[in-house]
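# Results of the structural survey
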Amino acid sequence: MTAFVIDAFQFSRLQEQAEGELQVVQLTRLAGETVDRAGTLHWSLKGGVDKLGHPQLLLAISGRVNLVCQRCMAPMPFDIASESVLVLAKDDDAADAIEELLDDEAIDVIIGEPEFDVIYLVEDEALLALPVAPKHDVCPGKAVEPLVVADKVSPFAVLKNLKQ
Ligand SMILES: [Zn+2]
């Protein structure tokens, strides 16, 4: 199990930055959602403060994973591209208070810890970025069917032309 541990509050206060790459196969929970455990996630994390002075982390992740289409059950590549604003709170009570104060659903308030596992956070965000029921825009099976029908029809069309 890979881990990349930071002190979340210090990381924010010092406005530190970090980035890295993770193989999907290293992320057990994410890998379980994919058809082949293949792919690479790129992540970057930036510490800072929000406009009210709360410590915050900006997390961006990107990468491609292969999910299963819920309509045709065939593999479906999906591009994860997510950017999150995570405001840090000391505990649950503080988190509730900050959430109420910000009143912004685009911002997540999380409990910051002195031993904060970035890899776990990246995996959480990747899981949140996945569609609940992934589906191809056009399933590959559906696109092939009309061609098969056309092939079956054409010999009769040829015979018909011969008769005339
Ligand atoms: Zn499909």
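About the thresholds
- Residues numbered from 1 in each chain as written.
- Predicted model: local features only at pLDDT ≥ 70, side-chain atom pairs only at ≥ 80, totals over all residues.
- Heavy atoms only, no water.
- Pairing = 2+ DSSP bridges.
- Helix = DSSP H or I, 4+ residues; strand = E, 2+ residues; numbered from the N terminus.
- Axes fitted to C-alpha atoms, helices over the stretch in contact; angles between N-to-C directions.
- Contact = heavy atoms within 4.5 Å.
- Phe/Tyr/Trp six-rings, centres within 6.5 Å; stacked < 30°, edge-to-face > 60°.
- Lys NZ or Arg CZ within 6 Å of the ring centre and 35° of its normal.
- Core = buried A, V, L, I, M, F, W, Y, C linked by side-chain atoms within 4.5 Å.
- Buried < 20%, exposed > 50% of the residue type's maximum accessible area, 1.4 Å probe, protein only.

If you trace the five strands from one edge of the open sheet to the other, you get 2-3-4-5-6, paired in mixed fashion. Among the strands making up the open sheet, the edge pair consists of strand 2 (17-23) and strand 6 (107-111). Neighbour to neighbour, the strand axes of the sheet diverge by 30 degrees on average, direction disregarded. Across five bridges, the pairing between strand 5 (residues 75-89) and strand 6 is parallel. Within the sheet, the bridge partner assigned to V85 lies in strand 6 and is I107. Packing against the sheet, helix 4 (residues 118-129) makes contact with strand 2, strand 3 (40-49), strand 4 (55-68), strand 5 and strand 6, and its axis sits at approximately 125 degrees to strand 5.

As a further point, take the packing of aromatic side chains. What describes a pair of aromatic rings is the distance from one ring centre to the other and the angle between the planes of the rings. Applying the stated rule across the entire model yields one aromatic pair. Over the ring of Y120 we find R29; its NZ or CZ atom is 4.1 Å from the centre of that ring. When the ring centre of F9 is taken as reference, the NZ or CZ atom of K90 above it lies at 5.9 Å.

Let us look at the environment of A106. Within the secondary structure, A106 is located in the loop between helix 3 (92-102) and strand 6. Once the C-alpha coordinates of A106 and S84 are considered, the two residues, 22 residues apart in sequence, prove to be 7.9 Å apart.

The biggest cluster of nonpolar side chains holds 32 residues, and the ones touching the most others in it are W43, L45, I80 and V122. For this core, the elements supplying multiple residues, two or more each, are helix 1 (8-13), strand 2, helix 2 (28-31), strand 3, strand 4, strand 5 and helix 4. Contacts of V122, omitting those with residues within four sequence positions, involve L22, L41, W43, L59 and I61.

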